[in-house]
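Report on the structure
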Amino acid sequence: LSKIASVLSELCKRMRPEEKIEFVKNDFPQFIPRRCAAVLVGGKNIGFVGEANPLVLENFGLQMPVALFEIEI
């Protein structure tokens, strides 16, 4: 999770260098509990980041762990 959060953090810094990025622990059903967070930029919730739930991996036929994020740009 830390690697994908680092990539996301760098992306946000390049897009909006004047605004602070924060990761706030949160639970979303598509992610492993306690392995995900809401993404806030400038205090506004712009998306989420986390490690995919094993059920999601199974549904897509994936065998390796997957970390991902979704944000509004």
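Before reading on, note that the structure itself is shown above.
Only a predicted model underlies this, so the values are computations on that prediction, with no experimental measurement involved. (Residues numbered from 1 in each chain as written. Predicted model: local features only at pLDDT ≥ 70, side-chain atom pairs only at ≥ 80, totals over all residues. Heavy atoms only, no water.)

1. A few points about the pattern of salt bridges
Considering all chains together, one arrives at three salt bridges under this definition. A salt bridge links R16 to E19, with the nearest nitrogen and oxygen atoms 3.1 Å apart. Overall, R16 belongs to the partly exposed group, its relative accessible area being 43%. (Salt bridge = Lys/Arg side-chain N within 4 Å of Asp/Glu carboxyl O. Buried < 20%, exposed > 50% of the residue type's maximum accessible area, 1.4 Å probe, protein only.)

2. What about the environment of L55?
Tracing the backbone through its elements, the reader meets L55 in helix α2 (residues 54-59). A relative accessible area of 57% places L55 in the exposed class. When the C-alpha atoms of L55 and A38 are compared, they prove to be 21 Å apart, with 17 residues separating the residues in sequence. (Helix = DSSP H or I, 4+ residues; strand = E, 2+ residues; numbered from the N terminus.)

3. Observations regarding the layout of surface pockets
By volume, the largest pocket amounts to about 190 Å³. Lining the largest pocket, in full, are C12, M15, R16, E19, V41, K44, I46, I71, E72 and I73. For the lining of the largest pocket, the elements supplying multiple residues, two or more each, are α1 (2-15) and β3 (44-52). Split by residue class, the lining of the largest pocket holds six nonpolar, no polar and four charged. (1 Å grid on protein atoms, 1.4 Å probe; cavity = no way out; pocket = protein on both sides within 12 Å on 5 of 7 lines; lining within 4 Å. Points joined across faces, edges and corners; volume = space filled by probe spheres on them. Nonpolar A, V, L, I, M, F, W, Y, C, P; charged D, E, K, R; others polar.)

4. Details of unusual backbone geometry
The phi dihedral of R34 is positive, around 65 degrees, even though this residue is not glycine. Residue position: R34 is located in strand β2 (residues 31-41). For R34, a relative accessible area of 70% translates into the label exposed.

5. So, the nonpolar core
Formed by I4, L8, C12, I21, A37, V39, V41, I46, V49 and I71, the largest nonpolar core amounts to 10 residues. Of all the secondary structure elements, the ones that give two or more residues to this core are α1, β2 and β3. In contact with I21, not counting residues within four places along its chain, are L8, S9, C12, V39, L40 and V41. (Core = buried A, V, L, I, M, F, W, Y, C linked by side-chain atoms within 4.5 Å. Contact = heavy atoms within 4.5 Å.)

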